[in-house]
Amino acid sequence: MQLSDDDFKLFELPRRFALDEAELDTRRRALQAQVHPDRFAADGSAAQRLATQWAMRVNAGYRRLKDPLSRAAYLCELHGQPVDVERNTAMPAEFLIQQMQWRESLEESSTAAEVRALEAAVTQQQSLMLARLATLLDHDNDHAAAAAQLRALMFVSRFRQDIDRSLDRLDPQR
Amino acid sequence: MALLQISEPGQAPDPHQRRIAVGIDLGTTHSLVASVRHGLAECLPDAQGRVLLPSAVRYLKDGGREIGHSAFDAQSEDAENTLVSVKRLMGRKLADLGDHHKLPYQFVDAAGMVAVQTRAGNKTAVEVSAEILATLRQRAEDSFDDELFGAVITVPAYFDDAQRQATKDAAQLAGLNVLRLISEPTAAAVAYGLDQGSEGLYAVYDLGGGTFDISLLRLTQGVFEVVATGGDAALGGDDIDQALADWALASLALEADLSAGDKRAALVAARQCKQALSDHPQATWQAMIAGQPHRVQLSRVQLEALAKPWIDKTLTVVRQVLRDAKLKREEVQGVVMVGGSTRMPLVRTAVGELFAQPVLTNLNPDEVVALGAAIQANALAGNAKDGDLLLLDVIALSLGLETMGGLVERVIERNSSIPVAKAQDFTTYQDGQTAMAIHVVQGERDLVSECRSLARFELRGFPPMAAGAARIRVTFEVDADGLLSVTARELGSGVEAAVEVKPSYGLGDDQIAQMLKDGFSHAEADMAARALREAQVDAQRMVLATRAALAADAALLSSEEQTELLRLVDDAEQAARGQDASAIEAFVKTLAEGSEAFAAARMNQGIRQALAGRRIEEV
C-alpha cells in the first residue's frame, strides 16, 4: 500500500458510489489512530513529519469520499471521464430550463417563506438527481453520462449556497 | 554485530520510567500549568498554594520584572509599565486594535506586530507571554525536581496563523519544547469527556477574558473529533469590563482627561463589580480617579443590559457554527461552560436557553483547559497506558491566495480536518512573465484587504511563456498545530519557490536572538547552547524510537537492511554525545532517510491490522 493508492484502496472500501458513511467514519478513525503525528510525538521530528504526510493523505481521502459529489467526481476520474467543470459545460438539456426558472424564482422572492418553499423544491429535485447519479454509476456504469449529471448537481449545490445567503439576509435569527 | 534490545511486549525500551509533560493554559487573564500525577490531572500550585498565575508582567525601575500576583496588584499604581491581557495583542498590528486609547498603554508598531512602550523599552506580547510561560515552566520543574519533556500549550480555536505562531515563538523564548498547540475547547472537552465517560456530541462554549470560542465535538471511544468551530478572537470579559467602566465614568461625568492610572483603575473596579454581581444582586463600582475616590451603585439587571450586546454576538456565532456543522441544537447532548466569564448568570441562562438544556459546569471553568492539556501532554509523552486518546481538530479560518483585483481565492475551507494539504494551480497574466508574487491570507471575506495577511513570497526564474501557459502549483500544508507552510512550483520547468518567505508578522531568528540578549529573565541566553540541546534531544528520541521499531518489527526487513539501519542508529547516537549541533542534525537526517521505507512499511502494517482488526470485531 502506498500513499499514492486511490482512496477506495486506502480505506478498503468497494469502488462504487454507494457508501456506508458510518463505516467510512469508523475507518477514518482507525486510520488516524495509526498515522496521526500525535502518535509519534516522542519519536523525533522526522517521524512526525512522515506521519503528518500520511495523516494529510487520510484526511484528503476522507473528505473526497465523504461528500457524494466529490466521491462521484473521483469515480468518474478513475474511469477516464473527468468532470472538468471549467472546460466542459455539457448538462442534461431539460436541466438548463430548470436552472433559469429557479434563478428567476430566487430573484423575485421577497420573504423568507418564499425562499424556503423554493428551497424545498430544489431539495426534492436534488434527491432525484442524486438517485439518478447513483444508478448511472453503480448500475449502468455510464461514467460519461454520470459526469454530465454531476455538472448539473454542482450547479444545484452552488444555487443552494445562494439560497442560504438569501435566507441569511431575510431571516438572520434562524 | 550489535545486540538488539529486546523489551517486554507492549513496552518501549526507555530508560526513563515516565516523562514529565505538562499542559499550559496561557490565558488572557490568568495562566495555569497542570500535569498528570498518579493517574490524575491536577493543576500545579506556586509556593503559596495558588494555581492561578495572573497573566501580568510589570517592568520595574531597576530593570527587573514582576510576574503574576505582585504585578497584577500593582496595575493601577504603575499602569503604563504593568502589562495585562496581552493575549489580545498576540500576532496583531496596531491597526487591528479597536478602542486602544481606552487602555493605559502607549502602543507602537514594531517588527510587524504591536508593542507597548514601557520603561524597559518596547515590549511585544510575545516577550510578555514568554515571561509568563517561563514562570510556569519553573514552577513545573520545581514541582517535579526534574526537566520537562515538553508542554502542550492551548490557544483559542479561533486563533489564526499569526496568533498561533506568536504563541510558539513565546514558548521558544521561554525554553519550552512544544509538543502541540491544542484548541482550548478541545482541551476542555478532553477534561470533561474522560470525566463523564460518555460518547456523543458536545458543544464547548468558551468565553474567557479576551477571546470567545464555540466548538462542536464528537466523542467516540477516546477519539475527540471537532466537527466545526467558530468564535471571535477579540471578544471576552474584558469588553464587558470596558462597557461597565465607560458607563460608570459617564454616569459620574468623569470621561475627560484620564491618566493611564485612571483608565486602569476604572477597569479594575469594573471587573471587581462585575464579579461581585455574579453572586449578589447589587454591587458598587469604586475607584480613585484623578486622586479622588468615586463610587456608583449598580444592579445585576443593569450589568446584564450592558453585557447583552456581547452575549448576543456570541449566540450569533453559535448559530452559525451549528449551520456549518449541518447539525441541529437538539442533537447536542451536553454543553460545557469554559472560561471565567461563563460564571455570569446571564451567560449560563442565555446559552442554556439556546440549547434547551442546563449547561454543564461541574469542572472549574478556570482550570478545565489546563487539565485537558495535561491529559493530552501525558498521552503525547507516551505515559498513558491505554494510549487511546486522539484529538482530530480542524482549521477555524479559511486560507487563500490573492488573485487579480484584490480578491481572495480560497484554497482550504474553514472546518477542514487537519493536518491537511491542498494544491491550487495558477497561471500567468502577461506574455513573457517569469515571476509571480504570491500573497497568502486567512479569513472568510472576499476581499484581500479584509483578511489577515500571513505571508508574501515570490516565485522567480521560470522560463518566459505566453500568458496563460505557465502552470504554477501552490501547495498549502497545515500541520496538527494549525500552522501553515506554503510552497510553490512552476510545473513545466520545475522551478521551486522559497526565495524569500516574508511573514507579514512575527519574529525572525535575529529578533529572537536580540530579545534574549536584552536580558529576558529566565531563558538560556546562549542560542547556540539551546540549538545543541534541541539537536541532542531530537537525535536521542529518534534513536530510541528506531530501536523500539526494530524490536517490534524487524521481520519487515532483511538482515542486511537491519544491520545497515542499526549502523545508522549507532552513528546518530554517537553524534548526539558530541557538541556539534549541525553534525548531529546531519546524522539524524541520514537516519531519517535511511529508515523512511521501514517507517512506511510499519505504518502500512499498522493500518492493515487496524482495519482488519475492526472487521473481526464486526463478525
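What you see is a predicted model, and the numbers here were worked out from it, not measured in a lab. (Residues numbered from 1 in each chain as written. Chains lettered and ligands numbered in written order. Predicted model: local features only at pLDDT ≥ 70, side-chain atom pairs only at ≥ 80, totals over all residues.)

A word on the overall build of chain A
Logical step 1: Secondary structure assignment for chain A yields seven helices and zero strands.
Logical step 2: Written out in order from the N terminus, the α and β elements of chain A read α-α-α-α-α-α-α.
Logical step 3: Its C-alpha radius of gyration of 20 Å places chain A more than 25% over the 16 Å reference for a compact globule of 174 residues.
Logical step 4: Projected onto its principal axes, the C-alpha positions of chain A cover 60 × 45 × 30 Å.
Logical step 5: Looking at chain A as a whole, 32% of its 174 residues qualify as buried.
Logical step 6: In chain A, 63% of the contacts between residues at least 6 apart in sequence involve partners at least 24 apart. (Helix = DSSP H or I, 4+ residues; strand = E, 2+ residues; numbered from the N terminus. Rg over C-alpha atoms; globule rule 2.2 N^0.38 Å. Buried ≥ 20, exposed ≤ 12 C-beta atoms within 10 Å, placed from the backbone. Contact = placed C-beta atoms within 7 Å.)

What to know about the overall build of chain B
Logical step 1: Along its length, chain B carries 13 helices and 27 strands.
Logical step 2: The buried share of chain B, reckoned over its 619 residues, is 46%.
Logical step 3: Sequence separation of 24 or more characterises 69% of the internal contacts of chain B that already satisfy a separation of 6 or more.

Some details on the environment of D96 of chain B
All names here are of chain B.
Logical step 1: Mapped onto the fold, D96 is located in the loop between β7 (82-84) and β8 (107-110).
Logical step 2: Assessed through the 17 C-beta atoms surrounding it within 10 Å, D96 is described here as partly exposed.
Logical step 3: Distance from D96 to S55, taken between C-alpha atoms, is 21 Å for residues 41 residues apart in sequence.

Overview of the confidence of the model for chain B
Residues and elements named next belong to chain B.
Logical step 1: Confidence along chain B averages 88 in pLDDT terms, with 90% of residues attaining 70 or more.
Logical step 2: Averaged over each element, pLDDT in chain B is lowest for strand β27 (residues 502-503) (54) and highest for strand β4 (residues 53-54) (98).
Logical step 3: For the stretch residues 498-502, pLDDT sits under 50, and the model shows 11 contacts to residues farther than four places along the chain or on other chains.
Logical step 4: Confidence metrics for the complex model read pTM 0.88 and ipTM 0.87. (pLDDT = per-residue confidence, 0-100.)

Regarding the packing of helix α4 (residues 68-78) of chain A against helix α7 (residues 143-170) of chain A
Helix-helix packing: each pair is described by the crossing angle between the helix axes and the interaxial distance.
Residue and element names in this part refer to chain A.
Logical step 1: Where α4 contacts α7, the axes come no closer than 10 Å and their chain directions differ by 155°. As far as their axial angle goes, α7 and α4 are roughly antiparallel. Like other packed secondary-structure pairs, α4 and α7 cross with a definite hand, here left-handed. Here α4 contributes L69, A72, A73 and C76 to the contact with α7, which in turn contributes H143, A146, A147, L150, L153, M154 and S157.
Logical step 2: Among the residues making up the contact of α4 with α7, the classes are represented as nine nonpolar, two polar and no charged. (Axes fitted to C-alpha atoms, helices over the stretch in contact; angles between N-to-C directions. Parallel < 35°, antiparallel > 145°, perpendicular 65-115°, else oblique. Left-handed = near helix turned anticlockwise from the far one by under 90°. Nonpolar A, V, L, I, M, F, W, Y, C, P; charged D, E, K, R; others polar.)

A word on the sheet that holds strand β15 (residues 223-232) of chain B
All names here are of chain B.
Logical step 1: Strands sit in the order β18-β13-β14-β15-β19 across an open sheet of five strands; the sheet is mixed. Edge positions in the sheet fall to β18 (334-338) and β19 (390-392), since each has one partner strand and no second. On average, each strand axis in the sheet is tilted by 25° relative to the strand beside it, whichever way the strands run.
Logical step 2: Summarising the sheet, strand β14 (residues 212-220) and β15 pair through nine bridges and their orientation is antiparallel. Bridge pairing in β15 places L216 opposite A228.
Logical step 3: Here helix α7 (residues 300-324) sits on the sheet in contact with β13 (200-207), β14 and β15, set at roughly 135° to β15. (Pairing = 2+ DSSP bridges.)

So, the domain arrangement of chain A
Logical step 1: If you check the domain split of chain A, you get domain 1 (7-66) and domain 2 (93-170).
Logical step 2: Using only C-alpha atoms to locate each centre, domain 1 of chain A and domain 2 of chain A end up separated by 31 Å. (Domains from an automatic or database assignment.)

As for the interface of chain A and chain B
Logical step 1: Contacts between chain A and chain B engage 28 residues on the former and 31 residues on the latter.
Logical step 2: When contributions to the side of chain A that touches chain B are tallied by element, the ones reaching two or more residues are α2 (21-35) and α3 (45-66) of chain A.
Logical step 3: A per-element tally of the side of chain A that touches chain B places α3 of chain A first, with 10 residues.
Logical step 4: Here the side of chain A that touches chain B is composed, by residue class, of 15 nonpolar, eight polar and five charged.

Considerations on the sheet that holds β7 of chain B
All names here are of chain B.
Logical step 1: Ordered in space as β6-β5-β7, the three strands form an open sheet in which the pairing is antiparallel. Each of the sheet's edge strands pairs with one partner strand only, and the pair in question is β6 (65-67) and β7. Strand-to-strand twist in this sheet, taken as the mean axis angle between neighbours without regard to direction, amounts to 15°.
Logical step 2: Bridging between strand β5 (residues 56-59) and β6 involves three bridges; their strand directions are antiparallel. Residue pairing for β6: V57 is matched across the bridge by I67.

What about the domain arrangement of chain B?
One frequently used descriptor of interface size is the decrease in accessible area upon assembly of the parts.
Logical step 1: Looking at chain B, the domain boundaries give domain 1 (237-305), domain 2 (399-494) and domain 3 (527-618).
Logical step 2: For domain 2 of chain B versus domain 3 of chain B, the distance between C-alpha centres works out to 34 Å.

Here's the deal with unusual backbone geometry
Logical step 1: Here I418 of chain B and P419 of chain B are connected by a cis peptide whose omega angle stands at 0°.
Logical step 2: The backbone phi angle of N141 of chain A is positive, close to 55°, even though this residue is not glycine.
Logical step 3: Using a count of 11 C-beta atoms within 10 Å as the deciding quantity, one classes N141 of chain A as exposed.
Logical step 4: Backbone geometry places A290 of chain B, a non-glycine residue, at a positive phi of 50°.
Logical step 5: Looking at where A290 of chain B falls in the secondary structure, it is placed in the loop between β16 (282-289) and β17 (292-299).
Logical step 6: With 13 C-beta atoms packed within 10 Å, A290 of chain B lands in the partly exposed category.

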